[in-house]
Amino acid sequence: MERASDEKIIHTMGINNCGGKCIIHAHVKNGTVVKITTDTPEAAGDAVPLTACVRGLNYHRTFLGDDRLRWPMKRVGARGEGKFERISWEEAVETIAREWARIRDTYGPGSRYVNYATGVSGLLSGTKFAKRLMYLDGGCLGYYNSYSSACIGQATMQMYGTRESGNPPEDWLNSKLIILWGHNPVETKFDCETMFYLKKAKQKGIPIIVVDPRKNDTALALDAEWIPVLPATDSALLDAMAYVIWENGLQDQDFLDRCCIGFDPGHMPTGVDPSESYLSYLTGEKDGVPKTPEWAEPITGVPAQTIRQLAIRYATAKPAALIQGYGAQRHACGEQSARGGMLLACMTGNVGVSGGWACGVADCTRHAWPQLPMPANPYGRQIPSYLWTEAVVRGHELKPIDGVTGGDGLDSDIKMIVNLAGNCLINQHGDVNRTAEILRDPSKCEFILCSDLFMTASAKFADILLPGVSLFECENISMPWKYGDFLGFNNQCIEPLYECRFEYDWLAEVAERLGLGQAFTEGRTASGWLEHCYNALRRTETELPDYESFKRAGIYRYRNNPRHIAFEQERKDPQKHPFPTASGKIEIFSERIDRTEYRDFCPAIPRYVEPPEGRQDPLSRKYPLQMIGWHTKRRCHSVHDNNAALHRVDPQCLWMHPEDAAVRGIQDGDEVMVYNDRGQVRIAVKLTDRIVRGVTAMSQGAWYRPDEKGVDRGGSINVLTSLRPTPYARGNGQHTNLVEVRKAE
Ligand SMILES: Nc1nc2c(c(=O)[nH]1)N[C@H]1C(S)=C(S)[C@@H](COP(=O)(O)OP(=O)(O)OC[C@H]3O[C@@H](n4cnc5c(=O)[nH]c(N)nc54)[C@H](O)[C@@H]3O)O[C@H]1N2
Ligand SMILES: Nc1nc2c(c(=O)[nH]1)N[C@H]1C(S)=C(S)[C@@H](COP(=O)(O)OP(=O)(O)OC[C@H]3O[C@@H](n4cnc5c(=O)[nH]c(N)nc54)[C@H](O)[C@@H]3O)O[C@H]1N2
Ligand SMILES: [Mo]
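One structure accompanies this document, and this report is about it.

Rules of the game
Counting starts from 1 at the beginning of each chain's written sequence and moves along it residue by residue. Starting at A for chains and at 1 for ligands, labels are handed out in the order in which the entities are written. Totals for whole chains, interfaces and linings use all residues, but because this is a predicted model, local features are given only for residues with pLDDT of at least 70 and pairs of side-chain atoms are given and counted only at 80 or more. The side-chain quantities take in all heavy atoms of the structure and omit both hydrogens and water. Helix and strand labels come from DSSP, where a helix needs a run of H or I of at least four residues and a strand needs a run of E of at least two; each type is numbered from the N terminus. For the radius of gyration, the atom set is restricted to C-alpha positions; the globular benchmark scales as 2.2 Å times the number of residues to the power 0.38. Note on exposure labels: buried denotes an accessible area under 20% of the residue type's maximum, exposed denotes more than 50%, and partly exposed covers the range between, all computed with a 1.4 Å probe on protein chains only. Contacts are residue-level and defined by heavy atoms, with any inter-residue pair within 4.5 Å sufficient. Computed with a 1.4 Å probe, the accessible areas rest on the Shrake-Rupley method; for each residue, only the protein chains presented here act as cover. The pocket and cavity definitions rest on a 1 Å grid over protein atoms only: a 1.4 Å probe that fits but cannot leave marks a cavity, an open set with protein on both sides within 12 Å along at least five of seven lines marks a pocket, and residues lining either have an atom within 4 Å of a point. Grid points are joined across faces, edges and corners, and a volume is the space filled by probe spheres set on the points. A pair of strands is considered paired only if DSSP assigns at least 2 bridges between the two. Near residues are defined by distance, with any heavy atom within 4 Å of the molecule or strand qualifying the residue. Any N or O atom pair separated by 3.5 Å or less is treated as a polar contact, with the protein-specific requirement of one donor-capable and one acceptor-capable atom, and with residues adjacent in sequence counted only for side-chain atom pairs. Cavity and pocket membership follows a simple rule, namely that a molecule belongs there if more than half of its atoms are within 2 Å of the grid points. Gly is put with the polar residues, along with every residue not named as nonpolar or charged; the nonpolar set is Ala, Val, Leu, Ile, Met, Phe, Trp, Tyr, Cys and Pro, and the charged set is Asp, Glu, Lys and Arg. Each aromatic pair joins two rings of Phe, Tyr and Trp (for Trp, the six-membered one) with centres within 6.5 Å, and gets the label stacked for planes under 30 degrees apart, edge-to-face for over 60, and tilted for any other angle. Charge-over-ring contacts are defined here by two conditions on Lys NZ or Arg CZ: a distance within 6 Å of the ring centre and an angle within 35 degrees of the ring normal. Think of a salt bridge as a Lys or Arg side-chain nitrogen and an Asp or Glu carboxyl oxygen that are within 4 Å of each other. Think of it this way: Lys and Arg go in the positive column, Asp and Glu in the negative one, and His and the chain ends go nowhere. Note on geometry: axes are C-alpha line fits, over the in-contact stretch for helices, and angles between N-to-C directions span 0 to 180 degrees.

All right, on to the overall build of the protein chain then. Looking only at helices and strands, one finds 24 helices and 26 strands in the protein chain. Since a compact globule built from 745 residues should have a radius of gyration of about 27 Å, the 25 Å found for the protein chain is in line with a globular shape. On the principal axes, the C-alpha backbone points of the protein chain span a range of 70 × 60 × 55 Å. When the 745 residues of the protein chain are sorted by exposure, 65% land in the buried category. Taking the contacts inside the protein chain whose residues are at least 6 apart along the sequence as the reference set, 74% of them involve residues at least 24 apart. Here the protein chain displays about 26600 Å² of accessible surface, and carbon together with sulfur accounts for 49% of that area.

Shown next, in the form of structure tokens:
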């Protein structure tokens, strides 16, 4: 599409793990992107506009600046020091192939690890291709869980047996009440569909409530009621709501009886003591403590009266949608808040009905995604993604109880890490100081390979550091983040900058040196793979246009989007359509947990558990403030932190309640030290009553920038977070932290 004689508009789409995928029209002039425009309601027609937000409109400023990595480099200083020397692509590929084989032969294939990395969240990524090459070459240690939804994902599998617990977002318009629980889609998107339909719900007069320790931007944007809750106590709030619902006889007993197992003593798995039921816990039959609103008030900070009203409103507005974000589950006992939400949806009969919402991770996949063909991983063993640091230090000791799957344990510690388009080596992982200490020792992990656009905190720990291409410099196919019914095509807009290369291209050369060239590429270029995978998908998604038409348009929005209400059939006839769990029912009581060693860490029912580093932890005497993170509109994780224009959108700061500040002699805008035993961050403070007393918050993703004393000046929350995995999912509880704050000198 040509506009001015020398300006071309090229169609592409956001490719980072951004919470949304938006249409990007890159205006290209003189070989560079000069401007970005995006989708409009007119262009979208009947469909939801896939409009770029401030991040998308800034891609060219973020990605095409002077700070790009330009050529391959090798480490010359100590690991992590950030000292590199330019090398040729030839030398880089040679070194990688040599280490790849040496480490496989010395320690076994399971000593090699491709790290969780989401900077390129398209059909093709360096991470997927690196795994493909590893699998062809004896295998590597794998991982499961994401950093996004580890707890809620596994909780949903445990209770429903599937992650597909969501209705399509347009169905929210059939609700009578919407509760957004630890959910802030104004900033986190969950695709453009989410706010589009929440705004329509608001216009329709559907009441919306936000449960969050912060009065988040979504509460402001929708003018919603805000129920402030103390972090990591949601499960106690949900218990007390369940108590009120039961006390008032408002539960959908028929649904519980027909579809669930473990709610009351009359519906327990055979052989399990009936007094282990959830109701027995709720009424205090077991421990003598009924889980009343008065019980929950001091734990959650929510007044008993508010809990009563919230419970009754949720149980009587039929149908109602209690929608969980991922904020309440990225916590030390995040499984329990996730399970508690599902339990309440079951109790109120909001599962399997239009306008209701089953809670949980709530995937709603109406169309299959294109897939890159992957051979099986011959090593077969996996760790939870958050445990890779543990596997560097003591992989050979890790066992199934630590979350190892596919075998009784691991053969080896991790000796080689491939980290492509990810910042989870340092910035996005927990406890940055401890992680850096582990990585600094080259006798533990012997070889670290990174590819990125910038000299990030993770990139500094590379032994070989390669320059990747941005979305403007390559082709790809983009899938929706959550609820979208479309596919996007990323057209190449400009030539790769400097000596930058897409990861596939140099991996193919590594494969060649390993004697796996043909097996790895099957004779295809990256573009060839796109066409191949797309055409394979077209066999089942027959509505899709031919490849060239799709490419030209840059977007395909499906027209035929079947109405799908999660668990509708199961609800109607659970005999004929059992839930995909072991018992065929929704497992409020988990026999799997009860029969395994997990029961020592995690209860079999969704009840409140006092989290480590919660308010009652003795550590709170030393570090009395809770600290949570959130995903800010000004970044996608660590992406855009180098973009000065975006700093103004939401300057990095610590949220603090004025009363907490007053007792510490702190004023708005002061520089403060936020610290605990793991590290120290120096940051400006913002005093606001949009946060609960006793709680502080810092948005996640800011670049770790330690000064000469090791104090972080970038506002990187992971200096303060812990590596402790959650009890059942073995996920990342990065929102559960205790800190103290003082005015900086
Ligand atoms: N702008 C932007 N959007 C993004 C991303 C990004 O980096 N930037 N990342 C994307 C990705 S990969 C993901 S996984 C998602 C993440 O999506 P989420 O995990 O849902 O996002 P968070 O901001 O971590 O949490 C949502 C809300 O939960 C609140 N919260 C924190 N602790 C608690 C608690 O104990 N109880 C309750 N009730 N609420 C709590 C936070 O204050 C926040 O307002 O976002 C996606 N969207
Ligand atoms: N404390 C705390 N930590 C968290 C979270 C939290 O809520 N709190 N959230 C967690 C979540 S949900 C997630 S998903 C993870 C995300 O963790 P990561 O996947 O590490 O996310 P990013 O910071 O987006 O890292 C992407 C990297 O890719 C690079 N990149 C971007 N585009 C390209 C490209 O086209 N090519 C190449 N080669 N590189 C590119 C960027 O420069 C950046 O270094 O973080 C987790 N970390
Ligand atoms: Mo995520």
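Another aspect to go through is the layout of surface pockets. Approximately 1500 Å³ is the volume attributed to the largest pocket. What lines the largest pocket is a set of 45 residues, and nearest its centre among them are K128, S146, R163, W369 and M479. Contributions of two or more residues to the lining of the largest pocket are made by α4 (126–136), β7 (142–144), α5 (150–160) and β18 (486–490). With four residues, the top contributor of residues to the lining of the largest pocket is α5.

We now examine the pairing of strand β14 (residues 416–420). With five of five residues buried, β14 lies mostly within the body of the structure. Residues M416, V418 and L420 of β14 are buried on one face, and the alternating residues I417 and N419, pointing to the opposite face, are buried as well. Two elements, strand β6 (residues 112–114) and β14, share three bridges in a ladder whose sense is parallel. By the bridge assignment, Y113 is partnered in β14 with I417. In terms of strand pairing, β14 meets strand β15 (residues 447–452) through five bridges, oriented parallel. Paired with M416 across the two strands is F447, which belongs to β15.

Moving on: the site of ligand 1. Near ligand 1 there are 38 residues, and of these R55, D212, D234, R635 and H637 occur at the shortest range. One of the backbone N or O atoms of E187 is found 2.9 Å from a nitrogen atom in ligand 1. For ligand 1, a nitrogen atom lies 2.8 Å from a polar atom in the backbone of T632. Considered on its own, ligand 1 offers 910 Å² of accessible surface; in the complex 100% of this is hidden by protein. Applying the majority rule of atoms within 2 Å of the grid points places ligand 1 in the second largest cavity. Mapped by element, the contributors of at least two residues to the shell around ligand 1 are α6 (185–188) and β21 (625–631). Considering each element in turn, the shell around ligand 1 owes the most residues, three residues, to β21. Its residues assigned to classes, the shell around ligand 1 shows 14 nonpolar, 16 polar and eight charged.

To continue, consider the packing of aromatic side chains. Following the criterion strictly, the structure yields 32 aromatic pairs and no others. The interplanar angle of 65° and the centroid separation of 6.0 Å between the aromatic rings of Y113 and Y143 together place this pair among those described as edge-to-face. You can see Y113 sitting in strand β6 and its partner Y143 sitting in strand β7, a full 30 residues away along the chain. Both residues of the pair, Y113 and Y143, count as buried. Pairing F454 with W703 gives two aromatic rings, centres 6.5 Å apart and planes at 50°, and the pair type is tilted. Taken as a pair, F454 in the loop between β15 and β16 (464–467) and W703 in the loop between β25 (695–700) and β26 (738–743) lie far apart in primary sequence, 249 residues in all. Members of the aromatic cluster, connected to one another through ring pairs, are Y113, Y116, Y143, Y147 and Y386. In this structure, K415 packs its charged tip against the face of Y107, placed 5.2 Å from the ring centre. Here the basic side chain of R524 rests over the ring of W529, its NZ or CZ set 4.6 Å away from the ring centre.

Attention shifts here to the pattern of salt bridges. Per the stated rule, a full pass over the model turns up 52 salt bridges. Of the charged contacts in the structure, one is a salt bridge between E170 and R366, with a shortest N-O distance of 3.1 Å. Of the two residues, E170 sits in the loop between α5 and β8 (177–181) while R366 sits in the loop between α14 (334–347) and β13 (382–384), which places them 196 residues apart along the sequence. Residue classification places E170 among the partly exposed positions, given a relative accessible area of 29%. Across the pair R313 and E225 runs a salt bridge whose closest N-O atoms are separated by 3.0 Å. Of this pair, R313 sits in helix α13 (residues 304–316) while E225 sits in strand β10 (residues 225–227); the two residues are 88 residues apart in sequence, bridging distant segments of the chain.

What follows concerns the site of ligand 2. Neighbouring ligand 2 are 35 residues, the closest being T118, N423, D452, S638 and N718. Note that a nitrogen atom of ligand 2 is positioned 3.3 Å from one of the side-chain N or O atoms of N16. Within the side chain of Q734, an N or O atom sits 3.0 Å from a nitrogen atom of ligand 2. When isolated, ligand 2 has an accessible area of 930 Å², and the protein chains bury 98% of it. Tallied by class, the residues present in the shell around ligand 2 amount to twelve nonpolar, 20 polar and three charged.

Before going further, it helps to spend a moment on the side chain of D650. Mapping D650 onto the fold places it in the loop between α23 (644–647) and β22 (654–656). Among buried charged residues, D650 stands out as having no salt bridge; its nearest opposite-charge side chain is K633, 4.8 Å away. At 2.7 Å, the side chain of D650 forms a polar contact with the side chain of T632. Excluding anything up to four places from it in sequence, D650 contacts E187, W630, T632, K633 and R634.

Moving on: the side chain of R381. Looking at where R381 falls in the secondary structure, it is placed in the loop between α14 and β13. Of the residues examined, R381 reaches a relative accessible area of 19% and is grouped as buried. A polar atom in the side chain of R381 sits 3.1 Å from the backbone oxygen of G409. Within polar-contact distance, the side chain of R381 engages the side chain of D411 at 2.9 Å. In contact with R381, not counting residues within four places along its chain, are C140, L141, G142, T405, G406, G407, G409, L410 and D411.

Let us now look at the sheet that holds β22. Around the barrel, which closes on itself, the six strands sit in the order β21-β25-β22-β24-β23-β26 with mixed pairing between neighbours. Here the strands of the sheet are splayed against their neighbours by 45° on average, with no regard to which way each runs. Note that strand β23 (residues 671–676) and β26 share four bridges and pair antiparallel. Looking at the pairing, V674 lines up with V741 of β26.

Okay, empty space enclosed by the protein next. Enumeration according to the criterion identifies seven cavities of 30 Å³ or more in this entry. For the largest cavity, the calculated volume is near 710 Å³. In this structure, the largest cavity is lined by 46 residues; those nearest its centre are T118, G119, A421, S638 and V639. A breakdown of the residues in the lining of the largest cavity according to their chemical character gives 18 nonpolar, 25 polar and three charged. Lining the second largest cavity are 35 residues; nearest its centre among them are T188, G327, R330, W630 and H631. Secondary-structure elements contributing two or more residues to the lining of the second largest cavity are α6 and β21. Considering each element in turn, the lining of the second largest cavity owes the most residues, four residues, to β21. A per-class count over the lining of the second largest cavity returns 13 nonpolar, 15 polar and seven charged.

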